[in-house]
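Summary of structural features
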2 protein chains.
Amino acid sequence: MIKPVAPDSEFTIRELAQEFDVTPRTLRFYEQKGMITPTRRGAARIYSAADRARIELILRGKRVGFALDEIKEILDLEAIDRGGRERLEPAIERFTARIIVLEQQREDVERAIAELQAGLAWMRERLEDRTPSDDVRRRARAFEALAQARLDPWSGAPSTG
Amino acid sequence: MIKPVAPDSEFTIRELAQEFDVTPRTLRFYEQKGMITPTRRGAARIYSAADRARIELILRGKRVGFALDEIKEILDLEAIDRGGRERLEPAIERFTARIIVLEQQREDVERAIAELQAGLAWMRERLEDRTPSDDVRRRARAFEALAQARLDPWSGAPSTG
DNA sequence: TCACACACTTACGCGAACGTCAACGTCAAA
DNA sequence: TTTGACGTTGACGTTCGCGTAAGTGTGTGA
């Protein structure tokens with residue numbers, strides 16, 4: 001969890017880079033793409049709490065597979081909002097489509113977790129020098145099928161043509 | 001949902017490409033990386049049901065953010081499995097680490113969905129030419145903060161330095 | 001005043017994951 | 001036999017998301 005901060009906080013590029021575990025270069029890159037617009041003190045960038053919130057959203061967006069341009073569009077909701085019906089309606093459609101993708105993705109993530117856990121169970125049993133139990137085999141059914149894809153051409157039927 | 005198929009099914013590259021909505025080039029690329037090994041009829045690739053299952057896993061892996069090399073490692077569980085303790089133990093750690101990332105990601109996805117839905121509600125109210133209701137505003141709090149990040153330097157305090 | 005840390009801009013580089021030719025083979029239908 | 005759809009193998013091109021210098025301030029403590 002990211003700690004909340006006072007709304008009038010200010011940050012240097014290095015502070016935020018460290019907090020979010022990215023490089024300063026990354027933050028400058030996002031700025032160059034127009035995703036954040038920190039103010040300046042001289043030439044140095046000063047980030048506000050709102051900038052910080054944007055960065056948080058950018059990184060979360062990335063983690064769930066949004067491209068930077070897509071994240072930018074979300075960040076620019078304000079601009080869309082001021083753009084009237086013509087911009088609003090297609091944006092609503094894109095957002096809706098995105099939500100559908102994300103719901104698919106949530107399912108994907110859950111299946112991936114299940115698959116990795118099945119693989120883990122398999123490996124752990126192997127660590128104990130015994131062949132996986134029936135229970136584990138059942139849960140790792142997917143891996144067995146995959147393994148066969150590799151083994152078949154070598155150990156399988158000598159002539160198929 | 002992907003339809004299940006008979007275990008002795010065979011597919012051409014185009015069939016699978018269409019089914020999974022990728023180009024043939026993509027499947028050849030995965031093969032070149034050693035992730036699938038379809039048999040040949042002459043020079044033409046013939047994909048088995050197991051190959052198909054592998055492709056399914058590859059694409060799901062991609063959707064949740066795995067790099068192809070990581071997916072390959074998962075697919076090669078069999079090889080790891082035959083590699084003895086030295087390969088098994090680090091693999092177990094990597095799998096475990098991955099699961100943790102995925103669980104974080106599941107949370108990210110849920111928050112992203114919530115945020116997009118809040119944004120949608122906001123936009124829909126705007127479509128009806130009224131300023132968002134308090135309820136929507138509350139749920140779209142994140143967007144308000146983000147909007148401010150943009151508006152502050154223009155409409156905000158005239159002198160802050 | 002010097003050194004040093006840290007910032008800035010500009011610009012080229014890079015790996016991943018394919019796209020896109022180009023040039024060719026193959027098989028069935030007309 | 002020609003046409004056309006579909007397949008093959010290189011090999012180079014492209015986009016994304018930064019990394020990595022190179023060269024230049026800017027401020028701060030010894």
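Here the structure is shown first, and the text comes after it.
What comes next concerns the included structure. Everything numeric here is computed off the predicted structure, so don't read it as measured data.

The next thing to look at is the protein's contact with DNA strand D. Near DNA strand D, the surroundings consist of 16 residues, among which A:Thr23, A:Lys62, B:Arg14, B:Arg28 and B:Arg45 are the closest. Close to the protein, within 4 Å, the atoms of DNA strand D belong to sugar or phosphate groups at a rate of 71%. Within the side chain of A:Lys62, one N or O atom sits 2.7 Å away from a phosphate oxygen of DNA strand D. In this structure, A:Leu68 approaches DNA strand D through a main-chain N or O atom, which is 3.2 Å from a phosphate oxygen. Among the secondary structure elements, those contributing two or more residues to the surface near DNA strand D are α2 (24–32) of chain A together with α1 (13–20) and β3 (44–48) of chain B.

To continue, consider the protein's contact with DNA strand C. A:Arg14, A:Arg28, A:Arg45, B:Thr23 and B:Tyr30 are the nearest of the 16 residues found near DNA strand C. Backbone atoms, meaning sugar and phosphate, make up 73% of the atoms of DNA strand C lying within 4 Å of the protein. In this structure, a phosphate oxygen belonging to DNA strand C sits 2.4 Å away from a side-chain N or O atom of A:Arg14. Between a phosphate oxygen of DNA strand C and a side-chain N or O atom of A:Arg28, the distance comes to 2.8 Å. Broken down by element, the residue count for the surface near DNA strand C peaks at four residues, all from helix α2 (residues 24–32) of chain B.

Residue and element names in this part refer to chain B. Close contact between helix α4 (residues 68–75) and helix α6 (residues 85–127) brings their axes to 12 Å; oriented N to C, the two are set at 125 degrees. Considering the angle they form, α4 stands oblique to α6. Where α4 crosses over α6, the two elements pack in a sense that is left-handed. From α4, Glu70, Glu73 and Ile74 reach across to α6, where they touch Ala91, Arg94, Phe95 and Arg98. Grouping the amino acids of the contact of α4 with α6 by side-chain chemistry returns three nonpolar, no polar and four charged.

Between chain B and chain A, the superposition needs a rotation of 179 degrees and an axial shift of 0.0 Å, giving an RMSD of 0.3 Å. The superposition operator between the copies reduces to a two-fold rotation axis. Taking the C-alpha atom as reference, chain B places B:Arg106 closest to the rotation axis, 3.1 Å from it.

Turning our attention to the environment of A:Arg60. With respect to the helices and strands, A:Arg60 occurs in helix α3 (residues 49–63). What makes A:Arg60 buried here is its relative accessible area of 6%. A:Arg60 sits 11 residues away from A:Ile71 along the chain, and the two C-alpha atoms are 9.6 Å apart. A:Arg60 has contacts with B:Asp108, B:Arg111 and B:Glu115, leaving out every residue within four places of it along the chain.

Further remarks concern α1(B). Residue and element names in this part refer to chain B. Every buried residue of α1 is accounted for by Ile13, Leu16, Ala17 and Phe20. Along the axis of α1, the buried positions cluster into a sector of 105 degrees, meaning they face one direction only. Counted as exposed and oriented over 90 degrees from the buried face of α1: Arg14 and Gln18. Where α1 is buried, its residues touch β1 (10–11), α2, β3 and α3 (49–63). Immediately downstream of α1, the backbone of Asp21 shows phi near 55 degrees, a positive value.

All right, on to the pattern of salt bridges then. If you walk through the whole model with that rule in mind, you get 22 salt bridges over all chains. A salt bridge links A:Arg41 to A:Glu10, with the nearest nitrogen and oxygen atoms 3.1 Å apart. With A:Arg41 in strand β2 (residues 39–41) and A:Glu10 in strand β1 (residues 10–11), the pair connects residues that are 31 residues apart, well separated along the chain. Residue A:Arg63 pairs with B:Asp108 through a salt bridge whose shortest N-O separation is 2.6 Å. Of this pair, A:Arg63 sits in helix α3 while B:Asp108 is found in helix α6, placing the two residues in two different chains.

About the thresholds
- Residues numbered from 1 in each chain as written.
- Chains lettered and ligands numbered in written order.
- Predicted model: local features only at pLDDT ≥ 70, side-chain atom pairs only at ≥ 80, totals over all residues.
- Heavy atoms only, no water.
- Near = heavy atom within 4 Å.
- Polar contact = N/O pair within 3.5 Å; in protein donor to acceptor, adjacent residues only side chain to side chain.
- Helix = DSSP H or I, 4+ residues; strand = E, 2+ residues; numbered from the N terminus.
- Axes fitted to C-alpha atoms, helices over the stretch in contact; angles between N-to-C directions.
- Parallel < 35°, antiparallel > 145°, perpendicular 65-115°, else oblique.
- Left-handed = near helix turned anticlockwise from the far one by under 90°.
- Contact = heavy atoms within 4.5 Å.
- Nonpolar A, V, L, I, M, F, W, Y, C, P; charged D, E, K, R; others polar.
- Least-squares fit on C-alpha atoms with pLDDT ≥ 70 in both.
- Buried < 20%, exposed > 50% of the residue type's maximum accessible area, 1.4 Å probe, protein only.
- Arc of directions from axis to C-beta.
- Salt bridge = Lys/Arg side-chain N within 4 Å of Asp/Glu carboxyl O.

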